[in-house]
Amino acid sequence: MAGGSAPKKERVREHLLSLVRGRAVGEAIPSERVLSAQLGVSRPTLRAAADELVACGLLRREHGRGMFVAVPAHTVRELLPTGRGPAMPLPRGTTSGQVLACSVEGAEGAPGQRLRVAPGDLLVHVTRLWRAEGRPLSLEHLYLPHGLAPGPPTHPPRADELYAYLEEHRRAEQYEAVQSTEPVLVDETEAAVLEVAHLSPALLIERLTTDETGRPVAYVRAVYRGDRYRVVSRLSASRPRLCDTAPPPSRAVVGDASGVRQGDRP
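Residues numbered from 1 in each chain as written. Predicted model: local features only at pLDDT ≥ 70, side-chain atom pairs only at ≥ 80, totals over all residues. Heavy atoms only, no water.

### With respect to the overall build of the protein
Note the cut-off: Segments assigned H or I by DSSP are reported as helices when at least four residues long, segments assigned E as strands when at least two residues long, and all are numbered from the N terminus. Partly exposed describes any residue whose relative accessible area lies between the buried limit of under 20% and the exposed limit of over 50%, with all areas from a 1.4 Å probe on protein chains only and scaled to the type maximum. Whether two residues are in contact is decided by their heavy atoms: any pair within 4.5 Å suffices. Accessible surface area values rest on a Shrake-Rupley calculation with a 1.4 Å probe, where residue burial reflects the displayed protein chains alone.
Looking only at helices and strands, one finds 6 helices and 12 strands in the protein. Per-residue burial over the protein gives 42% buried out of 266 residues. In the protein, once contacts between residues fewer than 6 apart in sequence are set aside, the share between residues at least 24 apart is 60%. For the protein, the accessible surface area stands at approximately 14,000 Å², while carbon and sulfur atoms represent 52% of it.

### Considerations on the packing of helix α1 (residues 8-21) against helix α2 (residues 32-39)
Note the threshold: Angles here are taken between N-to-C directions and fall from 0 to 180 degrees, while the axes themselves are lines fitted to C-alpha atoms, restricted in helices to the stretch in contact. Put simply, angles under 35 degrees are roughly parallel, angles over 145 are roughly antiparallel, angles from 65 to 115 are roughly perpendicular, and the rest are oblique. Left-handed is the label given to a crossing in which the near helix is rotated counterclockwise from the far helix by less than a right angle, and right-handed is the label when the rotation is clockwise. Ten residue types, Ala, Val, Leu, Ile, Met, Phe, Trp, Tyr, Cys and Pro, are classed as nonpolar, four, Asp, Glu, Lys and Arg, as charged, and the remainder, Gly among them, as polar.
Look at α1 against α2: their axes get within 12 Å of each other, and the N-to-C directions meet at 120 degrees. On the basis of their axis angle, the class for α1 and α2 is oblique. Considering only the axes of α1 and α2, their crossing is right-handed. Residues Val12, His15, Leu16 and Leu19 of α1 lie in contact with α2, whose contacting residues are Leu35, Gln38 and Leu39. By residue class, the composition of the contact of α1 with α2 is 5 nonpolar, 2 polar and no charged.

### What to know about the packing of α1 against helix α3 (residues 43-55)
At a closest axis distance of 9 Å, the pairing of α1 and α3 adopts a crossing angle of 55 degrees. Relative to α3, the element α1 lies oblique. The handedness of the crossing between α1 and α3 comes out as right-handed. For the pair formed by α1 and α3, the contact residues are Lys8, Lys9, Val12, Arg13, Leu16, Leu17 and Val20 on the first element and Thr45, Leu46, Ala48, Ala49, Ala50, Glu52 and Leu53 on the second. Each residue belonging to the contact of α1 with α3 can be placed in one class, and the counts come to 9 nonpolar, 1 polar and 4 charged.

### Details of the nonpolar core
One broad rule of soluble globular proteins: the nonpolar side chains tend to lie buried together. The following threshold applies: To form a nonpolar core, buried Ala, Val, Leu, Ile, Met, Phe, Trp, Tyr and Cys residues must be joined to one another through side-chain atoms within 4.5 Å.
Core analysis: the largest hydrophobic core is formed by 17 residues, its most contacted members being Val12, Leu16, Ile29, Leu35, Leu46, Leu53 and Leu59. The element contributing the most residues to this core is α1, with 5 residues. Setting aside anything within four residues of it in sequence, one finds Leu16 in contact with Ile29, Leu35, Ala49, Ala50 and Leu53. By size, the runner-up hydrophobic cluster in this structure holds 9 residues, among which are Leu139, Val184, Leu194 and Ala202.

### Description of the pattern of salt bridges
Any two side chains of opposite charge can pair if their charged atoms end up close together. Let me state the cut-off plainly: Throughout this description, the term salt bridge denotes a Lys or Arg side-chain nitrogen within 4 Å of a carboxyl oxygen of Asp or Glu.
Counting across every chain of the model gives 12 salt bridges. Between Arg60 and Glu62 there is a salt bridge; the shortest N-O distance is 2.7 Å. Notably, a salt bridge pairs Asp227 with Arg225, separated by 2.8 Å at the nearest N-O pair. According to the relative accessible area criterion, Arg225 is buried, its value standing at 7%. By sharing partners, the salt bridges in this structure join Glu32, Arg43, Arg47, Asp51 and Arg61 into a single network.

Here it is in structure tokens:
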């Protein structure tokens, strides 16, 4: 769970997420009364955090029985490495990334668990805001094991530059990534950075990259504004050839009141 400096509801939500990840679909989590006592928060605060997970389809409430892990609503797809490596889709046009923070911190919570790093070890954490046409598009968190990039990098790698960076520092031949996409509601911090209202809908894209030995080497967590982004996949009914290894192309779509821009994924 996050440190004591984080807002109460945010810490409660992270704890609830850890309960969901550690349980099977249909399995109950502790009651609101028990969780409130364990976490030292009021039941309204606990209920507000749980409501967000219910709205996102991660928890299911049953009157008189409690809360249960819901059937996953997101789709997980394996990304095969290409010449440029798997990458977060970004729209064509004027895009820019601003590094908000770059630090070395303890391997706590989900990033440390995903990277299979011991709690006493360190991670390099890069926070970047992506803009499209000058307006906020996504808030990206990149985590690397500290041994892979000792100290905060002078020029932190972008998500689409990550594989060249890993090759330079790891000398590995091949990387794979598993990426998931699911709907979420932004918290207060994300809302302020992305310039949207608190609890606005968004897309959470998470990606875990492993090297040829299966060791996790990078974890990316990116929150995309729900009103400015969608992923479109082109499907074909033709019989695939045995030599085909690349997934169908996707497009990133950025829209506003005046129109819509479309671009191929990099």
